[in-house]
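Below, each chain spelled out in residue letters.
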Amino acid sequence: MSTAPAGPQLELRGVTKRFGGVAAVDGVNFEIAKGDIVGIIGPNGAGKTTLLNCISGVYHLDGGDIKLNGSSIAGMAPHRVARLGIGRTFQIVKPFGSMTARENVGIGALFGSAHARRGVKQAFALADEVLALVGLKAKADLPVSALTIPDRKRLEVARAVATRPQLLLLDEVMAGLNNVEIDEALEMVRSVHATGVTVLLIEHVMRVIVGVCRRAIVLDSGQVLAQGEPEVVLRDERVIQAYLGERYAKRLKSS
Ligand SMILES: Nc1ncnc2c1ncn2[C@@H]1O[C@H](COP(=O)(O)OP(=O)(O)OP(=O)(O)O)[C@@H](O)[C@H]1O
Ligand SMILES: [Mg+2]
């Protein structure tokens, strides 16, 4: 029997990533508990995507350490990090256009985390399950090129979920969606989280952060500016100054 570690599932200590002389991520510390759902917010260029790239092994760190269940994953290649159970989406959606939604997700299921190795038949059974979970069941046999933007975002999430991650990293999966589509996407994230997956999501839509996240981490110029309960963080004067702006603050006060 494997014993579950008592510490955090994900732990970042002094995580730093530089491009040229500029630290895009600069000494970031935080922890995420298993089963939590946490939002990362902050202005454009704050280092949010870079941070996700550090966690998923796309970038080598220039400093600090990242631990998954107590073991360092710093310096590991992305496929090894994925096999350990960290799944992710990309800010720029890159599906295989001529394939169907089902085939796209099936590939995610085939190349999943280590405990999830499976044959083609099982992979497609899992693909169907995940497509239903994200609300794409009726469109499973459509080529991706025929899907709308919101459906492509769903597909992107489905591809990551099909790898059976223990931790899912989502990068702005609700960007460009209208209010109705955001509500549907919120429901999708809740459904995925309810299957037991820990979720770390980057989002500019505050309704999403308040609606699903138990905790929010604010990045500014590569550093953690504030973290805590979303309602508290979003009223923090420094966060309003650096990111949300006065207009948002006024709306919050009048609501
Ligand atoms: N591959 C790269 N090479 C050089 N500079 C980079 C690279 N990736 C990001 N940067 C720089 O690092 C900083 C952080 O960028 P990043 O994309 O992480 O921000 P972000 O918070 O995700 O922004 P957005 O909200 O616009 O997606 C920016 O100044 C950006 O120009
Ligand atoms: Mg980004």
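Values in this document were obtained by computation on a predicted structure and should not be read as measured data.

Caption draft 1: Inspection of the domain arrangement of the protein chain at higher detail. When cut into domains, the protein chain gives domain 1 (10-85 + 166-254) and domain 2 (97-165). Summarising the inter-unit geometry, the C-alpha centres of domain 1 and domain 2 are found 24 Å apart. Each partner contributes to the interface: domain 1 provides 19 residues, whereas domain 2 provides 14 residues. Three residues, Arg83, Leu168 and Met188, lead the burial of domain 1 against domain 2; their summed loss comes to 37% of the area buried on that side. Our enumeration of links across domain 1 and domain 2 arrives at one salt bridge. Across the salt bridge formed by Glu184 and Arg154, the nearest N and O atoms sit 3.5 Å from each other. For the pair domain 1 and domain 2, the interface holds two residue pairs in polar contact (both at pLDDT 80 or more). Mapped by element, the contributors of at least two residues to the side of domain 1 that touches domain 2 are α2 (78-83), β7 (167-171) and α6 (179-194).

Caption draft 2: Representation of the sheet that holds strand β2 (residues 22-32). Taken together, the four strands give an open sheet; going across it, the order is β2-β1-β4-β5, and neighbouring strands pair in antiparallel fashion. The sheet is open, and its two edges are formed by β2 and β5 (71-72), each paired on a single side. As paired elements, strand β1 (residues 10-19) and β2 share seven bridges and run antiparallel to each other. In the strand pairing of β2, Leu12 is matched with Phe30. Most of the contacts of helix α1 (residues 48-55) go to β1, to which it runs at about 115°, and overall it touches β1, β2 and β4 (63-68).

Caption draft 3: Main features of helix α4 (residues 120-133). Its 14 residues place the ends of α4 20 Å apart at the C-alpha level, agreeing with the 20 Å of an ideal helix rising 1.5 Å per residue. Taken together, the buried residues of α4 touch α3 (101-110) and α5 (149-161). Positive phi appears at Gly135, one or two residues downstream of α4, with a value of about 85°.

Caption draft 4: Molecular detail of the site of ligand 1. Among the 14 residues in the neighbourhood of ligand 1, the closest are listed as Gly45, Lys48, Thr49, Thr50 and Gln91. At a separation of 2.8 Å, an oxygen atom of ligand 1 approaches a polar side-chain atom of Thr49. Note that a nitrogen atom of ligand 1 is positioned 3.3 Å from one of the side-chain N or O atoms of Tyr59. In isolation ligand 1 exposes 640 Å². Once the protein is present, 60% of that is buried.

Caption draft 5: Spotlight on the packing of α3 against α4. Remark: α3 packs on α4, axes separated minimally by 8 Å, with the N-to-C direction vectors making an angle of 120°. For the element pair α3 and α4, the recorded crossing hand is right-handed. Every residue of α4 that contacts α3 at Ala101, Arg102, Glu103, Val105, Gly106, Ala109 and Leu110 is listed here: Val120, Ala123, Phe124, Leu126, Ala127, Asp128, Val130 and Leu131. Split by residue class, the contact of α3 with α4 holds eleven nonpolar, one polar and three charged.

Cut-off values and rules
- Residues numbered from 1 in each chain as written.
- Chains lettered and ligands numbered in written order.
- Predicted model: local features only at pLDDT ≥ 70, side-chain atom pairs only at ≥ 80, totals over all residues.
- Heavy atoms only, no water.
- Domains from an automatic or database assignment.
- Contact = heavy atoms within 4.5 Å.
- Buried area = accessible area lost by both parts, 1.4 Å probe.
- Salt bridge = Lys/Arg side-chain N within 4 Å of Asp/Glu carboxyl O.
- Polar contact = N/O pair within 3.5 Å; in protein donor to acceptor, adjacent residues only side chain to side chain.
- Helix = DSSP H or I, 4+ residues; strand = E, 2+ residues; numbered from the N terminus.
- Pairing = 2+ DSSP bridges.
- Axes fitted to C-alpha atoms, helices over the stretch in contact; angles between N-to-C directions.
- Expected span 1.5 Å × (residues − 1).
- Near = heavy atom within 4 Å.
- Areas by Shrake-Rupley, 256 points an atom, 1.4 Å probe, with all protein chains shown as cover.
- Left-handed = near helix turned anticlockwise from the far one by under 90°.
- Nonpolar A, V, L, I, M, F, W, Y, C, P; charged D, E, K, R; others polar.

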